[in-house]
Amino acid sequence: MRFILYIAIAVSLLLTSCNSEPTLQKFFVENSEKKDFIALDVSSDILNVDKAQLSAEQKEALESFDKMNIIAFKTNGKNQKEYEAEKNKLTTILKNEEYQELIKVGSGSQGASVSFVGTEDNIDEFIFYANRKENGFAVIRVTGEKMNPNAVMTMLSVLQKSNIDLEQLKPLQDLMK
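These numbers were taken from a predicted model, which means no experiment stands behind them.

So, how was this worked out
- Residues numbered from 1 in each chain as written.
- Predicted model: local features only at pLDDT ≥ 70, side-chain atom pairs only at ≥ 80, totals over all residues.
- Heavy atoms only, no water.
- Helix = DSSP H or I, 4+ residues; strand = E, 2+ residues; numbered from the N terminus.
- Buried < 20%, exposed > 50% of the residue type's maximum accessible area, 1.4 Å probe, protein only.
- Contact = heavy atoms within 4.5 Å.
- Areas by Shrake-Rupley, 256 points an atom, 1.4 Å probe, with all protein chains shown as cover.
- Pairing = 2+ DSSP bridges.
- Axes fitted to C-alpha atoms, helices over the stretch in contact; angles between N-to-C directions.
- Patch = residues over 30% accessible without salt bridge, like charges linked within 9 Å, V, L, I, M, F, W, Y side chains within 5 Å.
- Salt bridge = Lys/Arg side-chain N within 4 Å of Asp/Glu carboxyl O.
- Arc of directions from axis to C-beta.
- Polar contact = N/O pair within 3.5 Å; in protein donor to acceptor, adjacent residues only side chain to side chain.

A. Main features of the overall build of the chain. Within the chain, the secondary structure is distributed over 6 helices and 6 strands. Along the chain, helices (α) and strands (β) appear in the sequence α-α-β-α-β-α-β-β-β-β-α-α when read from the amino end. The buried share of the chain, taken over its 177 residues, is 34%. For the chain, the share of sequence-separated contacts (at least 6 apart) that also reach a separation of at least 24 residues comes to 63%. Carbon and sulfur atoms make up 54% of the accessible area of the chain, which amounts to about 11700 Å² in all.

Structure follows, in structure tokens:
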């Protein structure tokens, strides 16, 4: 009987200790199927780069990159309330101390920010967020292992050498128009 009591206590402690705070991951999951959202998961294969032509530093940066999760909300004149509500949810999530802001530009009806999760030498994810009242907003979450700011800058040079597979990004074309 005591054994069952201990198991019940352990299970209740586990359930109450679960984090119920909103997170970016939860935001992606909860909104990926909604009609006003466009959601994409993009693998590192999108870069379509010849690894033989990369420097050791570029190869290391490429290997630290895992994938990108993209979610975008497109405004259409009829969904302005939803846009404001979802934008406010995102702003609240990104203010959490887990997300360390690197840069922020603009404010109010349009702006952008770059944040990261982890430490400066071992970044787990970069978050690029941009919004414009007339178009909507987009969040790009870049995940990887042992990323650092230098690796991100190196990735930009890899992008210049890549032959990006635009087929994976087709759903975003409507948002850009």
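B. Highlighting the environment of I140. The residue I140 is located in strand β6 (residues 136-147) in this model. Each C-alpha atom of the pair I140 and D41 lies 9.7 Å from the other, and the pair is 99 residues apart in sequence. For I140, the residues in contact, after removing those within four places along its chain, are M68, N69, I70, F126, I127 and F128.

C. Molecular detail of the sheet that holds strand β4 (residues 110-119). The strand order across the open sheet built from 6 strands is β1-β2-β6-β5-β4-β3, with neighbouring strands paired in antiparallel fashion. The open sheet has two edge strands, β1 (37-43) and β3 (100-107), and neither has a second partner. Ignoring which end each strand starts from, the neighbouring axes of this sheet average 10 degrees apart. Across 9 bridges, the pairing between strand β2 (residues 65-74) and β6 is antiparallel. Paired with A72 across the two strands is A138, which belongs to β6. Lying over the sheet, helix α2 (residues 24-31) contacts β1, β2, β5 (122-132) and β6, oriented at roughly 130 degrees with respect to β6. Sheet strands touched by helix α4 (residues 80-94): β1, β2, β5 and β6. Its angle to β5, the strand with the most contacts, is close to 150 degrees.

D. A nonpolar patch on the surface, seen in detail. The grouping of L102, I103 and V105 at the surface amounts to a nonpolar patch, some 270 Å² of accessible area in total. Positionally, L102 belongs in strand β3. Residue classification places L102 among the partly exposed residues on the basis of a relative accessible area of 46%.

E. Inspection of the side chain of T23 at higher detail. Here T23 lies in the loop between α1 (2-17) and α2. Sequence-distant contacts of T23, that is, excluding residues within four places in its chain, are made with I93 and Y99.

F. Summary view of the pattern of salt bridges. According to the stated counting rule, one finds 5 salt bridges in the structure shown. Across the salt bridge formed by R132 and E134, the nearest N and O atoms sit 3.1 Å from each other. For R132, a relative accessible area of 44% translates into the label partly exposed. The class of E134 is exposed, set by a relative accessible area of 54%.

G. View of helix α3 (residues 56-64). Buried within α3 we find Q58, A61, L62 and S64. The buried residues of α3 all sit within an arc of 160 degrees when viewed along its axis, so they share a single face. Turned more than 90 degrees off the buried face of α3, the exposed positions are A56, E60 and E63.

H. Summary view of the side chain of Q58. Along the chain, the position of Q58 falls in helix α3. Q58 gets classed as buried once you look at its relative accessible area, which sits at 8%. Polar side-chain contacts of Q58 include one of 2.9 Å to the backbone nitrogen of S55.

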